[in-house]
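Analysis of the macromolecular model
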Amino acid sequence: KGPFLVSAPLSTIINWEREFEFWAPNLYVVTYTGDKDCRATIREHEFSFEEGAIRGGTKSWRMKQGCQVKFHVLLTSYELVSIDTATLGSIEWAVLVVDEAHRLKNNQSKFFRILTNYKLGYKLLL
């Protein structure tokens, strides 16, 4: 049912896109990468059917509570999970998938600490 957050190294995002297309063609997968302007466009057009579902200012964007997301899967990099914490952390994720999860071995790492603030139903570490 979703939504699912897949966090992977930037170099493997294209492989994840290909695998979703092959194995789960009916899922709506949004690739959340690019510079801040690209990501703002993705937030505006791909995050929700509702107008004004994403609100914020110059630095921080959040999804309004109770708004349903448009996608099934959001595919992004570790770096953007850390950078766009306000936006991504405001969504209640059914599942977090972390590719190459050895980055989470150290519970003092920035990535580990940021993920503890996300609303996650389940975590799948690969």
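Residues numbered from 1 in each chain as written. Predicted model: local features only at pLDDT ≥ 70, side-chain atom pairs only at ≥ 80, totals over all residues. Heavy atoms only, no water.

Pairing between the strands of a sheet comes from backbone hydrogen bonds, and it takes one of two forms, parallel or antiparallel. Judged by pairing direction, the sheet is parallel, and its five strands sit side by side in the order S2-S5-S1-S6-S7 without closing on themselves. Looking at the sheet topology across the chains shown, the edges are occupied by strand S2 (29-32) and strand S7 (119-125). The sheet shows a mean angle of 20° between the axes of neighbouring strands, taken without regard to direction. Across six bridges, the pairing between strand S6 (residues 92-98) and S7 is parallel. Opposite Val-97, over in S7, you have Leu-124 as the bridge partner. (Pairing = 2+ DSSP bridges. Helix = DSSP H or I, 4+ residues; strand = E, 2+ residues; numbered from the N terminus. Axes fitted to C-alpha atoms, helices over the stretch in contact; angles between N-to-C directions.)

A few words now on the nonpolar core. Residues Leu-74, Trp-93 and Tyr-118 are the most contacted members of the largest nonpolar core, which totals 23 residues. Ignoring any residue separated from it by four or fewer positions in sequence, one finds Trp-93 in contact with Pro-3, Phe-4, Leu-5, Phe-71, Leu-74, Leu-88, Tyr-118, Lys-119, Leu-120 and Gly-121. Counting residues in each nonpolar core, the second largest holds 10 residues, with Val-6, Ile-13, Ala-24 and Val-97 among its members. (Core = buried A, V, L, I, M, F, W, Y, C linked by side-chain atoms within 4.5 Å. Buried < 20%, exposed > 50% of the residue type's maximum accessible area, 1.4 Å probe, protein only. Contact = heavy atoms within 4.5 Å.)

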